[in-house]
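Descriptive analysis of the structure
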Amino acid sequence: MAPSSIAALSLIEELHELSREADGDSESLQAMLSHIVRSFGAQSGSLAVVDREEPAQLRIVAGIDLPAGVIGQAVPLGTGVLGKVAQSGEPMLINGELKRAGDDANAEREERARGRPRSAICWPLSIKNRRIGALSMNRLADATPFDDSDVARGRSLVTLVALVVDNANLHSEQMDRIDRLSQLNEDMRTMNAQLKATQQQLLQSEKMASIGQLAAGVAHEINNPVGYVYSNLTTLRGYVDELLNVVRHLRGKGEGPEPVCDVDFLEEDIPQLVAETREGLDRVKKIVQDLKDFSRIDKSDDWEDADLVKGLESTLNIVQNEIKYKAAVVKDLTPLPEVPCLPTQLNQVFMNLLVNAAQAIQNKGTITLRSGFDETKVWVEVGDDGCGMPADVQSRIFEPFYTTKPVGQGTGLGLSVSYSIVRKHNGKIELHSQPGAGTRFRVVLPRVREAALEEVAHG
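So, here's what we can say about the structure.

Procedures and definitions
- Within every chain, residues take consecutive numbers counted from 1 along the sequence as written.
- Residues qualify for local features only when their pLDDT is at least 70, as the model is predicted, and side-chain atom pairs are given and counted only at 80 or more; totals for whole chains, interfaces and linings, by contrast, use all residues.
- As a rule here, side-chain values cover all heavy atoms of the structure and leave hydrogens and water aside.
- What counts as a helix is a DSSP run of H or I of at least four residues, what counts as a strand is a run of E of at least two, and both are numbered from the N terminus.
- Under the convention used throughout, the expected extent of a helix is 1.5 Å for every residue step, that is, one less than its residue count.
- Burial status follows relative accessibility: with a 1.4 Å probe on protein chains alone, a residue under 20% of its type maximum counts as buried, one over 50% as exposed, and anything between as partly exposed.
- DSSP bridges decide pairing: two strands pair if at least two such bridges lie between them.
- In this analysis, axes come from line fits to C-alpha atoms, helices being fitted only over the stretch in contact, and the angle between any two N-to-C directions falls in the range 0 to 180 degrees.
- Residue contacts follow a heavy-atom distance rule, with two residues in contact if any of their heavy atoms lie within 4.5 Å.
- If you view the pair so one helix is near and one far, a crossing is left-handed when the near helix is turned anticlockwise from the far one by less than a right angle, and right-handed when it is turned clockwise.
- Charged residues are taken to be Asp, Glu, Lys and Arg, nonpolar residues to be Ala, Val, Leu, Ile, Met, Phe, Trp, Tyr, Cys and Pro, and polar residues to be all remaining types, Gly included.
- Only Phe, Tyr and Trp rings are paired, with Trp represented by its six-membered ring, and only when their centres lie within 6.5 Å; those with planes under 30 degrees apart are stacked, over 60 edge-to-face, the remainder tilted.
- Placement of a charge over a ring requires the Lys NZ or Arg CZ to be within 6 Å of the ring centre, with the centre-to-atom vector within 35 degrees of the ring normal.
- We call a set of buried Ala, Val, Leu, Ile, Met, Phe, Trp, Tyr and Cys residues a nonpolar core when their side-chain atoms join them within 4.5 Å.
- Put simply, a salt bridge is a Lys or Arg side-chain nitrogen that is within 4 Å of an Asp or Glu carboxyl oxygen.

Comments concerning helix 2 (residues 26-39)
In a regular helix each residue adds 1.5 Å, so 14 residues correspond to 20 Å; helix 2 covers 20 Å between its end C-alpha atoms and thus fits that length. For helix 2, the complete set of buried residues consists of Ser28, Leu29, Met32, Leu33, Ser34, His35, Ile36 and Val37.

Focus: the sheet that holds strand 12 (residues 428-434)
Read from one edge to the other, the open sheet built from five strands follows the order 8-10-11-13-12, with strand pairing classed as mixed. Strands at the two margins of the open sheet, each flanked by one partner only, are strand 8 (327-332) and strand 12. Pairwise comparison of adjacent strand axes, ignoring direction, gives a mean angle of 15° for this sheet. With seven bridges connecting them, strand 10 (residues 365-373) and strand 11 (residues 377-384) associate as antiparallel partners. The residue of strand 11 that forms the bridge with Ser371 is Val380. Lying over the sheet, helix 9 (residues 343-359) contacts strand 10, strand 11 and strand 13 (438-446), oriented at roughly 25° with respect to strand 11.

Structural notes on the packing of helix 9 against helix 11 (residues 414-424)
Put simply, helix 9 and helix 11 touch, their axes get as near as 9 Å, and they point 145° apart. Between helix 9 and helix 11 lies a crossing of left-handed hand. Listed contacts from helix 11 to Gln345, Leu346, Gln348, Val349, Asn352, Leu353 and Asn356 of helix 9 are Gly414, Leu415, Val417, Ser418, Ile421, Val422 and Lys424. Residues of the contact of helix 9 with helix 11, tallied by class, amount to seven nonpolar, six polar and one charged.

With respect to helix 11
Buried within helix 11 are the following residues: Gly414, Leu415, Ser416, Val417, Ser418, Ile421 and Val422. At the C-terminal side of helix 11, Asn426 shows a positive phi close to 60°.

Quick word on the packing of aromatic side chains
With the rule as written, the count across this model stands at two aromatic pairs. Measuring from centroid to centroid gives 5.7 Å for Phe40 and Trp123, while their planes differ by 65°, and the two rings are edge-to-face. Pair noted here: Phe40 is in the loop between helix 2 and strand 1 (44-50) and Trp123 is in strand 5 (residues 117-127), with a separation of 83 residues, a long-range link. Its relative accessible area of 2% is what places Phe40 among the buried residues. Plain terms: the ring middles of Tyr239 and Phe265 are 6.0 Å apart, the flat faces sit at 90° to each other, and that makes the pair edge-to-face. Taken together, the positions of Tyr239 in helix 5 (residues 148-250) and Phe265 in helix 6 (residues 263-295) put the pair 26 residues apart, joining distant regions of the chain. Tyr239 gets classed as buried once you look at its relative accessible area, which sits at 11%. Over the ring of Trp303 we find Arg449, and its NZ or CZ is 3.9 Å from the ring centre.

Considering the nonpolar core
Looking at soluble globular proteins, one finds that nonpolar side chains tend to be buried together. Residues Leu308, Ile323, Leu354, Ile367 and Phe441 are the most contacted members of the largest nonpolar core, which totals 39 residues. Within the residue set of this core, elements represented by two or more residues are helix 7 (308-318), strand 9 (339-341), helix 9, strand 10, strand 11, helix 11, strand 12 and strand 13. If one sorts the elements of this core by residue count, helix 9 sits on top with nine residues. Sequence-distant contacts of Leu308, that is, excluding residues within four places in its chain, are made with Leu336, Val339, Cys341, Leu346, Phe350, Val378, Val380 and Leu445. Among the nonpolar cores identified, the runner-up in size contains 26 residues, and Ile121, Ile132, Val161 and Val165 belong to it.

Quick word on the pairing of strand 10
One ladder, built from six bridges, connects strand 8 with strand 10; its direction is parallel. Following the sheet pairing, Ala328 is matched in strand 10 by Thr366. Hairpin remark: strand 10 followed by strand 11, antiparallel, with three residues in the connecting loop.

Describing the pattern of salt bridges
What the rule picks out here adds up to 13 salt bridges. Notably, a salt bridge pairs Arg440 with Glu381, separated by 3.3 Å at the nearest N-O pair. Of this pair, Arg440 sits in strand 13 while Glu381 sits in strand 11, placing them 59 residues apart in sequence. Salt-bridge contacts for Arg442 lead to Glu381; the nearest nitrogen and oxygen are separated by 3.1 Å. With Arg442 in strand 13 and Glu381 in strand 11, the pair connects residues that are 61 residues apart, well separated along the chain. Look at Arg442 and you get partly exposed, because its relative accessible area is 23%. Relative accessible area serves as the criterion here: at 2%, Glu381 is assigned to the buried category. Through salt bridges that share partners, Asp332, Arg370, Glu381, Arg440 and Arg442 make up one connected network.

Examining unusual backbone geometry
In the Ramachandran plot, Asp65 falls in the positive-phi region, its phi being about 55° despite a non-glycine side chain. In this model, Asn129 sits at a positive phi of 65°, which is unusual for a non-glycine residue. For Asn129, a relative accessible area of 82% gives the class exposed.

A closer look at the pairing of strand 13
When a strand is regular, its side chains alternate between the sheet's two faces. When strand 11 meets strand 13, the two strands line up antiparallel, connected through eight bridges. Of the residues in strand 13, the one forming a bridge with Val382 is Phe441. Note that strand 12 and strand 13 share seven bridges and pair antiparallel. Paired with Leu431 across the bridge in strand 13 is Phe441.

Laid out in structure tokens, this is it:
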């Protein structure tokens, strides 16, 4: 093998070792450029790569014996030796004095030319016709000019440089994509948090609207027993006054004529008054307890095992005033096993379904409550014999703010919020409706939380 070929192979091997250690930063590119320039006996050189932000120009990233400030400059494609070679994709060999602007032809020109480039090679850097940049080197006037053999010898070398630069670009692009993906993930987490907060606000808003709607009915339900308890206490006070007058006269402390008291009547009526009063207070206590069970104000809003039938019946008592004047309630409730759930939120679902069922009945009708379960799920159903819904309404009934009620009589959030609550439980709401034949909503929930199932599966 000819010495020149051995030297070329040695140079490629050395450059290959450099490329394996290079990561595309300015120091590694500078080292590779310096190695090539020295190997070719050149005195200066420059390396420019396509600007990632401005692909129509190159950016000088490394240089040997260049004037201060050159590294970092932009070179438009098609401009200057570097720009023309990068654009054309063909190497350029230049022999003869490389003129600079302002040169003249007087006698001092030769003196000024000493120490200036007289021969240069510029190679394009490309991979599969994809433009990467350009590399150039220069020899001074007193050195042997470059020839075609130098151009050919440098092709394989600049290919290694192109690979290093391209790999660095790919790595940088990959890191940029990772950064963008990380930012997108962070944005998505922020959006999810905002959506969750908005959903909670929506849930609270619907709950407050529902409570406001039911406040008058609950007040009426409490007012009835309180009214006759107050009346009974007033009557009882009169009876007690009569008895006390009798006692005072018996002790000789009374004034005026001897009081007349129908003891037999009082003996019969007082126990009845006390029983009625106790019944009224029990009714108030039951309403308060149902309100407490409905809102579960004494418990945190956490997952817990609960009896859905108990929650449904408590909610029914709360909305009784909304229902009793329009519908009879028929219960066909099978006792259910307790299931993991958010009881407060499910009570809100039951309230929405019960109120909607009552509002669907024009004059007088029937609301039917059913329940059941199997090995994997439980279900609670609220049905009515009201007006029913056509197919186009059924397809939109769970959309937020969609309502068929007159303005001022509904927010359009009740069923949408109910749907979200049931989905949160990994359950579903089944709808069966026919115009003129009524509607049935069935809430179906799993008996075991999905997280618990995963633990069993991986246990």
